[in-house]
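Structural description and commentary
The chain contents come next:
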Amino acid sequence: MMEMIFEMLSYPFMVRAFTVGALVALCSALLGVSLVLKRYSMIGDGLSHVGFGALAIAASLNMAPLAAAIPVVIAAAVLLLRIRGNSRIKGDAAIALISTSSLAIGVMVISMTTGMNTDVYNYMFGSILAMSEEDVLLSVVMAVIVLVLFVFFYHKIFAITFDETFAQATGVKADLYNTLIAVLTAVTIVLGMRMMGALLISSLIIFPALTSMRVCKTFRSVIINSAVISVVCLAAGITVSYVWATPAGASVVMANITALLIYSLIGLIRNKGK
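Computed from a prediction, not measured in an experiment: that's the story for all the values here.

1. Focus on the overall build of the protein
- Looking only at helices and strands, one finds 13 helices and zero strands in the protein.
- In the protein, the succession of helices and strands from N to C terminus is α-α-α-α-α-α-α-α-α-α-α-α-α.
- For 274 residues, the compact-globule formula gives about 19 Å, and the C-alpha radius of gyration of the protein, at 19 Å, lands near that figure.
- Seen through its C-alpha atoms, the protein measures out along the principal axes to roughly 50 × 50 × 30 Å.

2. Points about helix H3 (residues 43-60)
- Here H3 is 18 residues long and its end C-alpha atoms lie 26 Å apart, about the 26 Å a rise of 1.5 Å per residue gives.
- Summarising burial for H3: 14 of the 18 residues are buried, a large majority.
- A positive backbone phi angle near 60° is found at Asn62, which sits one or two residues after H3.

3. Focus: the pattern of salt bridges
- Under the defined criterion, the tally for this structure stands at one salt bridge.
- Lys38 is the salt-bridge partner of Glu164, the closest N and O atoms lying 3.1 Å from each other. Of this pair, Glu164 sits in helix H9 (residues 164-169) while Lys38 sits in the loop between helix H2 (12-37) and H3, and the two are 126 residues apart along the sequence.
- Judged by relative accessible area, which is 27%, Glu164 ranks as partly exposed.
- Using a relative accessible area of 14% as the deciding quantity, one classes Lys38 as buried.

4. Quick notes on the nonpolar core
- One finds Leu47, Phe52 and Leu80 to be the most contacted residues of the largest nonpolar core, which totals 81 residues.
- Broken down by element, the residue count for this core peaks at 14 residues, all from helix H10 (residues 174-196).
- Leave out the neighbours within four places in its chain, and Leu80 touches Tyr40, Ile43, Leu47, Ala94, Ile95 and Ile98.
- The next biggest cluster of nonpolar side chains, apart from the first, holds six residues, and it includes Val215, Ala255, Ala259 and Tyr263.

5. Quick notes on the packing of aromatic side chains
- If you walk through the whole model with that rule in mind, you get nine aromatic pairs.
- Summarising the aromatic geometry, the rings of Tyr11 and Phe13 are spaced 5.7 Å apart at their centres and angled 40° between planes, so their arrangement reads as tilted.
- Between Phe158 and Phe162, the aromatic rings sit 5.1 Å apart at their centres with planes inclined by 50°, giving tilted as the arrangement. With Phe158 and Phe162 both in helix H8 (residues 154-162) and four residues apart, the pair spans about one turn of that helix.
- Residue Phe158 is classed as partly exposed on the basis of its relative accessible area of 36%.
- In textbook terms, an aromatic cluster arises when at least three aromatic residues are bridged by ring pairs, as seen for Phe150, Tyr154, Phe158, Phe162 and Phe219.

6. Describing the packing of H3 against H10
- The N-to-C vectors of H3 and H10 enclose an angle of 55°; their axes lie 9 Å apart at closest approach. Classified by the interaxial angle, the pair formed by H3 and H10 is oblique. Between H3 and H10 the crossing geometry is right-handed. On the side of H3, the interface is formed by Ile43, Gly44, Leu47, Ser48, Gly51, Phe52 and Leu55, while H10 contributes Ala182, Thr185, Ala186, Ile189 and Met193.
- Within the contact of H3 with H10, the residues separate by chemical class into eight nonpolar, four polar and no charged.

7. Things to note about the environment of Ser203
- In this structure, Ser203 sits in helix H11 (residues 203-213).
- Along the backbone, Ser203 and Ser41 are 162 residues apart, and their C-alpha atoms lie at a distance of 9.7 Å.
- The contacts of Ser203, once residues within four sequence positions are left out, are Met196, Pro208 and Val253.

8. Re the state of the cysteines
- By the definition in use, this model includes zero disulfides.
- Of the cysteine sulfurs around Cys216, a residue in no disulfide, the closest is that of Cys233, at 14 Å.
- What makes Cys216 buried here is its relative accessible area of 16%.

9. Remarks on unusual backbone geometry
- Unusually for a residue other than glycine, Arg39 sits at a positive phi of about 55°.
- Tracing the backbone through its elements, the reader meets Arg39 in the loop between H2 and H3.
- For Asn62, which is not glycine, the phi torsion reads 60° and is therefore positive.
- Its location among the elements puts Asn62 in the loop between H3 and helix H4 (65-86).

Conventions adopted
- Numbers given to residues run from 1 along each chain, matching the order in which its sequence is written.
- Restriction of local features to residues with pLDDT of at least 70 applies here, the model being predicted, together with a cutoff of 80 or more for giving and counting side-chain atom pairs; totals for whole chains, interfaces and linings are based on all residues.
- The side-chain quantities take in all heavy atoms of the structure and omit both hydrogens and water.
- Helix numbering and strand numbering both begin at the N terminus, where a helix is a DSSP run of H or I of at least 4 residues and a strand a DSSP run of E of at least 2.
- Each radius of gyration reported is based on C-alpha atoms, and the globular scaling rule is 2.2 Å times the count of residues to the power 0.38.
- Under the convention used throughout, the expected extent of a helix is 1.5 Å for every residue step, that is, one less than its residue count.
- Only protein chains enter the accessibility calculation, which uses a 1.4 Å probe. A residue is then buried if its area is under 20% of the maximum for its type, exposed if over 50%, and partly exposed in between.
- For this analysis, a salt bridge means a side-chain nitrogen from Lys or Arg found within 4 Å of a carboxyl oxygen belonging to Asp or Glu.
- Remark: nonpolar core denotes a set of buried residues (Ala, Val, Leu, Ile, Met, Phe, Trp, Tyr, Cys) joined through side-chain atoms within 4.5 Å.
- Every residue pair with non-hydrogen atoms within 4.5 Å of one another is taken to be in contact.
- A pair of Phe, Tyr and Trp rings is counted when the ring centres sit within 6.5 Å of each other, with Trp represented by its six-membered ring. The angle between the planes then sorts it: under 30 degrees is stacked, over 60 is edge-to-face, the rest tilted.
- All axes are obtained by fitting lines to C-alpha atoms, using only the stretch in contact for helices, and the reported angles, taken between N-to-C directions, cover 0 to 180 degrees.
- Here the angle decides the label: under 35 degrees means roughly parallel, over 145 means roughly antiparallel, 65 to 115 means roughly perpendicular, and every other value means oblique.
- Each crossing is labelled by how the near helix is turned from the far one, with a counterclockwise turn of less than a right angle marking it left-handed and a clockwise turn marking it right-handed.
- Residue polarity is assigned by list, with Asp, Glu, Lys and Arg as charged and Ala, Val, Leu, Ile, Met, Phe, Trp, Tyr, Cys and Pro as nonpolar; anything else, Gly included, falls into the polar class.
- When the sulfur atoms of two cysteines come within 2.5 Å, that pair is taken as a disulfide.

Read these as layout, nothing more, since geometry by itself doesn't imply function.
Below you can see the structure in the form of structure tokens.
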């Protein structure tokens, strides 16, 4: 077992995958708890499609993909909040509108420029080989910023997650912190797309939170447990991908599904015991 671990870590691309993957998984898990509790978890799926469209356009213009996609996806996240709060188009309909439009634009741009090449395939389905050293540096910096902001504003995020109306009544600027959550989610989505792919990155937001809620009862315990589950499943998925040559993103998702089934069984046994 140890020999296999040392062998994996002897490859620079595996070190990059574990480094970026662990940070993205941690960010996704922390933000995912609030998004799931606020019934807005599918924002990750919508933003990943926006990210794909932005990456497709960046690739066709020979621009740095991540640097170009981050501001576009942040703008889409803020737009989603505005549509959700001030329009007749609500929640899931707003997400579907923006995500399908962005995906269609991305596919059109690809079809008229580079075609379905390896880079585009990696953006759709993810690849641990796709991350360059520049991507890793940008990902680490942005992920650390996300984690610091989440920890610093933890109590405000907690307040608007459980009772936004009461939080506003006590002076908390709910719109500001909802925007903060959306922006942090947008950054996390873009950072994770290289490895997980646009079609699977939202799983990192949804699965750890739902898994933790099968057993844990308090917000803090769900947050901590989600973070641990997300990082462990990420490491397990990448290891499976390396050993059996399976797609990295799909392997991570399968690890999360396994964790969800185990925690659901534990929760069921615990409830029957009571």
